[in-house]
Structure formats: C-alpha cells, structure tokens
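Coordinate analysis (summary)
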Amino acid sequence: MQYRCPQCQSPKIMPQAQAGAPAARPVVPKSLVFLIPAIFVLLLLVLISIAMWIFGNGAGSTLQVATVVVFIVCVIAGFLFYRDLPDFKISMQAFMQSQKKWKCRECNHEWES
Ligand SMILES: [Zn+2]
C-alpha cells in the first residue's frame, strides 16, 4: 500500500467516495469527542471572564469556578486522548487501507489500489 500518487509521486492524495459502498470512517475516540467541545467551552468562559474584567468589576466567583472546572475537564480529556492516540492511529491506518479509490491533489490523477 503506497500513499503516493503513482503518476507524480506526490503525497498529497485524498480518498474518493466509493459509489454504492458506504463510506468507511475511522473510529473517533470518545475522549476526542469530549475534548473538542470542552476546549470550546473553556475558550468561551475565558473570553467572558476577560470581557467582565474589562467592562465590569471582574469575573464573578461562579464564573471563575466554572472556568477552573472546565480547565480540569480539558486536562483530563487531553490525557485520555493521549492514551487513546495509538488506537486512533491504528484505526486511521485501517481506514486508509480499506480505501480503494484515490485521487491526487497535485495532478488530479485518479486510481484504484
Ligand atoms: Zn499526482
């Protein structure tokens, strides 16, 4: 299995959807599903805190506690994702190998493996 274009040897290839067959998807670890929204919530809370420091009398204690709690959730989810990473890589490799149709982004060459 080669991950290069057979025509121009570019590594910039992408899988093509196979007609008829349902698109195979790599298994996304639950920790990643958890981590991404947690990071968004954390960013939102930090932005609200900054806004309150600028326009008000400082962030309320509830908001500070919430920010710290969400930060801890991010750290835990990040750690879990780090542990899931080897499995995620294997899943991605299996997904790459199950893919039969490819297209090159450099020269638009299409081929089947
Ligand atoms: Zn190519």
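Reading the values: the criteria
- Counting from 1, residues in each chain are numbered in the order their sequence is written.
- Local features in a predicted model are, by the rule used here, given only for residues with pLDDT of at least 70; side-chain atom pairs are given and counted only at 80 or more, and totals for whole chains, interfaces and linings are based on all residues.
- Every helix listed is a DSSP run of H or I at least four residues long, and every strand listed is a run of E at least two residues long, numbered separately from the N terminus.
- Note on method: radius of gyration uses C-alpha positions; expected globular size equals 2.2 Å times residues raised to 0.38.
- Buried residues are those with 20 or more other C-beta atoms within 10 Å of their own C-beta, exposed residues have 12 or fewer, and partly exposed residues lie in between; C-beta atoms are placed from the backbone.
- Here, residue contact means that the backbone-derived C-beta atoms of the two residues sit within 7 Å.
- UniProt positions are given in the numbering used here, feature names are shortened, and annotations may be inferred rather than shown by experiment.

1. Observations regarding the overall build of the protein chain
Counting its regular elements, the protein chain contains two helices and three strands. Written out in order from the N terminus, the α and β elements of the protein chain read β-α-α-β-β. On C-alpha atoms alone, the protein chain measures out to a radius of gyration of 22 Å, which is more than a quarter above the 13 Å that the 2.2 N^0.38 rule sets for 113 residues. Projected onto the principal axes, the alpha-carbon positions of the protein chain cover approximately 65 × 30 × 25 Å. Of all 113 residues assigned to the protein chain, the portion counted as buried reaches 8%. Considering only intrachain contacts with a sequence separation of at least 6, the fraction spanning at least 24 residues in the protein chain is 72%.

2. Focus on the UniProt feature "transmembrane region" (unreviewed entry) in the protein chain
Per the UniProt entry, the sites bearing "transmembrane region" (unreviewed entry) are residues 32–55 and 61–82 in this numbering. Regarding residues 32–55, the helix share stands at 100% and the strand share at 0%, and the terminal C-alpha atoms are separated by 34 Å. What you have in residues 61–82 is 100% helix and 0% strand, and the ends, taken at the C-alpha atoms, are 31 Å apart.

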